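The residues making up each chain are set out below.
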Amino acid sequence: PDQDFTWPDAPGLDGSVVNLRGVPENPHYTDHSATLMDLSKPLAWATAIHLKKNLIIGWIFRTADYFWIQNWNSFGNAERLARGLEFSTQPYDVSRREVLSTPALFGAPTYRWLTAKGKIESHFLLFYAHAPEGFSKVDDIRVENGRIVLEDKAAGKTITLAASRGL
């Protein structure tokens, strides 16, 4: 708890490094982490890959709209695993009082303010596709010329999908 880390490698309770991308070898806990998106880039993303079925689902959004990813893990045992990914305007689900008392974390906002009678509009892209054999992580995503391009640089693999709209 309360340890800084750079995605996907987080400090474990025993001091080891835990890669948050996958399911641990000995699942036996429930956990929650928050990751700040790279605010120097206009777009961010969250993806989940089913490695055995070569399926990928993902979301692409503007970092100006959603600064954080919340990663929920409920790994009670190997037969009962659950994970939730939430792109969010705040790093943790806490009370309004707590949110307002922490206006910034790592130099980034911890909430967006909607004034009375104000409006906020945001958009995101969602995709679901087959991934090529060996595609195991997303290093980069681009939205260009009506396409979504996903890269796994270590595997030398790319997925190109038609985008029905832009951001």
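Here the structure is shown first, and the text comes after it.
Predicted, not measured: the structure shown is a model, and the values here were computed from it. (Residues numbered from 1 in each chain as written. Predicted model: local features only at pLDDT ≥ 70, side-chain atom pairs only at ≥ 80, totals over all residues. Heavy atoms only, no water.)

**Student:** Can you walk me through the nonpolar core in this structure?
**Tutor:** Nonpolar side chains in soluble globular proteins generally cluster together in the buried interior. Membership of the largest hydrophobic core comes to 14 residues, with the highest contact counts inside it found for Ile56, Phe127, Ile148 and Leu150. Those elements that provide at least two residues to this core are strand E5 (55-62), strand E10 (124-130), strand E12 (147-152) and strand E13 (157-162). In terms of residue count, the dominant contributor to this core is E10 (three residues). The contact partners of Ile148, leaving out residues within four places of it in the chain, are Ile60, Leu125, Phe127, Ile141, Arg142, Ile159, Thr160, Leu161 and Ala163. Counting residues in hydrophobic clusters, the runner-up holds eight residues, among them Met37, Ala44, Trp59 and Ile69. (Core = buried A, V, L, I, M, F, W, Y, C linked by side-chain atoms within 4.5 Å. Buried < 20%, exposed > 50% of the residue type's maximum accessible area, 1.4 Å probe, protein only. Helix = DSSP H or I, 4+ residues; strand = E, 2+ residues; numbered from the N terminus. Contact = heavy atoms within 4.5 Å.)

**Student:** Honestly, the side chain of Ser33 in this entry has me stumped. Any pointers?
**Tutor:** Relative to the assigned elements, Ser33 resides in strand E3 (residues 29-36). What makes Ser33 buried here is its relative accessible area of 9%. Among all residues touching Ser33, those that are not within four sequence positions of it are Phe5, Leu20, Ile69, Gln70 and Asn71.

**Student:** How do you make sense of the packing of aromatic side chains when you look at a structure like this?
**Tutor:** Two numbers describe a pair of aromatic rings. These are the distance of the centres and the angle of the planes. Considering all chains together, one arrives at five aromatic pairs under this definition. With 5.1 Å between their ring centres and 70° between their planes, Phe87 and Phe124 make a pair best called edge-to-face. On the criterion of sequence distance, the pair formed by Phe87 in strand E7 (residues 80-88) and Phe124 in strand E10 is long-range, its members being 37 residues apart. Taking the relative accessible area as the measure of exposure, Phe124 reaches 40% and is therefore partly exposed. (Phe/Tyr/Trp six-rings, centres within 6.5 Å; stacked < 30°, edge-to-face > 60°.)

**Student:** I keep staring at the sheet that holds E5 and nothing clicks. Help me out?
**Tutor:** Across a sheet, strands are paired by hydrogen bonds formed along the backbone, either parallel or antiparallel in direction. Pairing is antiparallel in the open sheet, where three strands are placed in the order E4-E5-E10. Both outer strands of the open sheet, strand E4 (43-50) and E10, are each paired with one neighbouring strand and no more. Each neighbouring strand pair of the sheet contributes to a mean axis angle of 15°, computed without reference to strand direction. Of the strand pairs in this sheet, E5 and E10 are connected by seven bridges, and their pairing is antiparallel. Paired with Ile60 across the strands is Leu125, a residue of E10. (Pairing = 2+ DSSP bridges. Axes fitted to C-alpha atoms, helices over the stretch in contact; angles between N-to-C directions.)

**Student:** I keep staring at the sheet that holds strand E6 (residues 68-77) and nothing clicks. Help me out?
**Tutor:** Strand order in the open sheet formed by three strands is E3-E6-E7, with antiparallel pairing between adjacent strands. For this open sheet the edge positions go to E3 and E7, each flanked by a neighbour on one side alone. The mean angle between the axes of side-by-side strands here comes to 10°, regardless of whether they run parallel or antiparallel. Note: E3 against E6, eight bridges, orientation antiparallel. The partner of Tyr29 across the bridge, within E6, is Phe75.

**Student:** Looking at this structure, I do not really get the pattern of salt bridges. What am I missing?
**Tutor:** Pairs can form between side chains of opposite charge once their charged atoms are near each other. Applying the stated criterion across every chain yields a total of seven salt bridges. Between Arg62 and Asp65 there is a salt bridge whose closest N-O contact spans 3.6 Å. Across the salt bridge formed by Arg142 and Glu144, the nearest N and O atoms sit 3.4 Å from each other. Of the residues examined, Arg142 reaches a relative accessible area of 28% and is grouped as partly exposed. Within the structure, one salt-bridge network assembled from shared partners comprises Asp140, Arg142, Glu144 and Glu151. (Salt bridge = Lys/Arg side-chain N within 4 Å of Asp/Glu carboxyl O.)

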